[in-house]
Amino acid sequence: MVLKNKLRGEDFLTLAPLTGEEMESLLEEAVRLKSEGTKGYKPLAGKVVGLIFEKPSTRTRVSFEVAVHRLGGSALALTDRDLQLGRGETIEDTGRVLAMYLDGLVVRTFGQDRLESLAQASSVPVINALTDESHPCQALADMMTMLEYKGAFRGLRLAYLGDGNNVAHSLMRAGTKLGMDVVVATPEGHGPLETITSECKGYADASGGSLLVGNDPAQASSGVDVIYTDVWVSMGQPDEKRDALGHFASFQVNEEMLDRASDDVMVMHCLPAHRGEEITGDVLDGSHSAVWDQAENRLHAQVALLGLIFG
Ligand code: CP
Ligand code: NVA
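So, here is what we can say about the structure in this document. (Residues numbered from 1 in each chain as written. Chains lettered and ligands numbered in written order. Predicted model: local features only at pLDDT ≥ 70, side-chain atom pairs only at ≥ 80, totals over all residues. Heavy atoms only, no water.)

1. Some points on the site of ligand 1
Then, number 1: What surrounds ligand 1 is the set S57, T58, R59, T60, R108, H135, Q138, C270, L271 and R298.
Then, number 2: Within the contact set of ligand 1, an oxygen atom lies 2.7 Å away from a backbone nitrogen or oxygen of T58.
Then, number 3: Interatomic distance of 2.9 Å between a backbone N/O atom of C270 and a nitrogen atom of ligand 1.
Then, number 4: Protein burial of ligand 1: of its 260 Å² of free accessible surface, 95% is covered by the chains.
Then, number 5: When atoms are counted within 2 Å of each cavity's grid points, the one that captures over half of ligand 1 is the largest pocket.
Then, number 6: Residue classes in the shell around ligand 1 are distributed as two nonpolar, five polar and three charged. (Near = heavy atom within 4 Å. Polar contact = N/O pair within 3.5 Å; in protein donor to acceptor, adjacent residues only side chain to side chain. Areas by Shrake-Rupley, 256 points an atom, 1.4 Å probe, with all protein chains shown as cover. 1 Å grid on protein atoms, 1.4 Å probe; cavity = no way out; pocket = protein on both sides within 12 Å on 5 of 7 lines; lining within 4 Å. Sits in = over half its atoms within 2 Å of the grid points. Nonpolar A, V, L, I, M, F, W, Y, C, P; charged D, E, K, R; others polar.)

2. Considering helix α4 (residues 91-101)
Then, number 1: For α4, the complete set of buried residues consists of I91, T94, G95, L98 and A99. Take α4 and look down its axis: the buried residues cluster within an arc of 125°, on one side only. Those residues of α4 that are exposed and angled more than 90 degrees off the buried face are R96 and M100. (Buried < 20%, exposed > 50% of the residue type's maximum accessible area, 1.4 Å probe, protein only. Helix = DSSP H or I, 4+ residues; strand = E, 2+ residues; numbered from the N terminus. Arc of directions from axis to C-beta.)

3. Focus on the packing of helix α2 (residues 20-36) against helix α12 (residues 291-310)
Then, number 1: The interhelical angle for the contact between α2 and α12, taken along N-to-C directions, is 115°, at an axis separation of 8 Å. The pairing of α2 with α12 is recorded here as roughly perpendicular in orientation. For the pair α2 and α12, the sense of crossing is right-handed. Each of L26, E29, A30, L33 and K34 in α2 lies in contact with α12, whose residues at this interface are E296, N297, H300, A301, V303, A304, L305 and L308.
Then, number 2: Classifying every residue of the contact of α2 with α12 gives eight nonpolar, two polar and three charged. (Axes fitted to C-alpha atoms, helices over the stretch in contact; angles between N-to-C directions. Parallel < 35°, antiparallel > 145°, perpendicular 65-115°, else oblique. Left-handed = near helix turned anticlockwise from the far one by under 90°. Contact = heavy atoms within 4.5 Å.)

4. Topic: the site of ligand 2
Then, number 1: Lining the immediate environment of ligand 2, one finds L130, N165, N166, V167, D230, V231, S234, M235 and L271.
Then, number 2: For ligand 2, a nitrogen atom lies 2.6 Å from a polar atom in the side chain of D230.
Then, number 3: A distance of 2.8 Å is found between an oxygen atom of ligand 2 and a backbone nitrogen or oxygen belonging to M235.
Then, number 4: If ligand 2 stood free it would expose 260 Å²; the protein chains cover 95% of that surface.
Then, number 5: Applying the majority rule of atoms within 2 Å of the grid points places ligand 2 in the largest pocket.

5. Overview of the sheet that holds strand β2 (residues 74-79)
Then, number 1: Spatial strand order, β2-β1-β3-β4: four strands in an open sheet with parallel pairing. This sheet does not close on itself; its edge strands, each paired only once, are β2 and β4 (126-128). Pairwise comparison of adjacent strand axes, ignoring direction, gives a mean angle of 20° for this sheet.
Then, number 2: Where strand β1 (residues 48-53) meets β2, six bridges bridge the pair, whose relative direction is parallel. Bridge assignment links F53 to a residue of β2, and that residue is T79. (Pairing = 2+ DSSP bridges.)

6. Side note on the layout of surface pockets
Then, number 1: Volume-wise, the largest pocket comes out at about 380 Å³.
Then, number 2: Counting residues per element, the ones that place at least two in the lining of the largest pocket are α3 (59-70) and α7 (166-177).
Then, number 3: Within the lining of the largest pocket, the residues separate by chemical class into nine nonpolar, eight polar and six charged.
Then, number 4: Roughly 180 Å³ of volume is contained in the second largest pocket.
Then, number 5: If you go around the second largest pocket, you meet 14 residues; those closest to its centre are V183, L212, Q219, A220 and V224.
Then, number 6: Counting residues per element, the ones that place at least two in the lining of the second largest pocket are β6 (181-185), β7 (210-214) and α9 (217-221).
Then, number 7: By residue number, the principal contributor to the lining of the second largest pocket is β6, which donates four residues. (Points joined across faces, edges and corners; volume = space filled by probe spheres on them.)

7. Let's talk about the sheet that holds β6
Then, number 1: Taken in spatial order, the five strands make up an open sheet running β7-β6-β5-β8-β9, and their pairing is parallel. Each end of this open sheet is capped by a strand with a single partner; those strands are β7 and β9 (266-269). Across this sheet, the average inter-strand angle for adjacent strands is 15°, counted without regard to direction.
Then, number 2: Pairing analysis gives four bridges linking strand β5 (residues 157-161) to strand β8 (residues 226-229), with the strands arranged parallel. Bridge assignment links A159 to a residue of β8, and that residue is I227.
Then, number 3: In this fold α7 packs onto β5, β6, β7 and β8, with an angle of close to 170° to the strand it touches most, β5.

Right under this line is the structure:
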């Protein structure tokens, strides 16, 4: 399999290096492994993967830990408080040393540059478990869930509403590579990075999809097949952002927002959710919500990813 040759032994820091076709193969592998299970498939046998988390996590840490076990390996979860990293040892020195003991590193940190420095210094594959800039493993599970619900990507209309940071960036990359029509609506000053927007416009041009970035939630959600949101205050963002949340009010995913979308709109959220802020409890728990399948698929998408990197 060509994708296997491309990913084996490599870092997975963003979705940028994957083509749309490669992403689709990965997602099909994830769907297959979800239905057939991993019995007898042990690409991580005898291997130990370190999970380094400088920010909290429920889904990513636990689903990676379980995915490593399912594939026959052992996982070692470490927070910055467990490491000299928390006392000022550099990320490069940490990566260099840990790579001598471990076969791979799954890392949640702050800047993308910090992740890249660690990957540069480490001789084993490094997987991005979220940075301030991107969350590619989340986007794999998101796309897998859309595939299960909608059957295909081309022409699917997706609106992302809220804060345009890590989750939005990875969703933009994945959606535009897969030929979707992606609209991102955020309050002014909270939009996605211009560099990533222009990168994704290039992917959309090549795939036949489209990307629009703006500030009008009603227009963005009109007639769409998928509505996606994320927390308004991300980990690592200043607490003062809470004082300005009024700007986000019209971006809340609620029944009124769903009324503007297509009749069978699917609602997505990476979780954790703040009911009553970016999404109402009724919508999160309602009949259009795909969030629990989406959360489950973190595990299956990562089983597929780890299998390709360590297979
Ligand atoms: N969606 C997600 O990454 O959740 P955690 O922060 O719980 O890992
Ligand atoms: N944007 C959120 C995503 C959490 C999974 C954050 O970075 O906190």
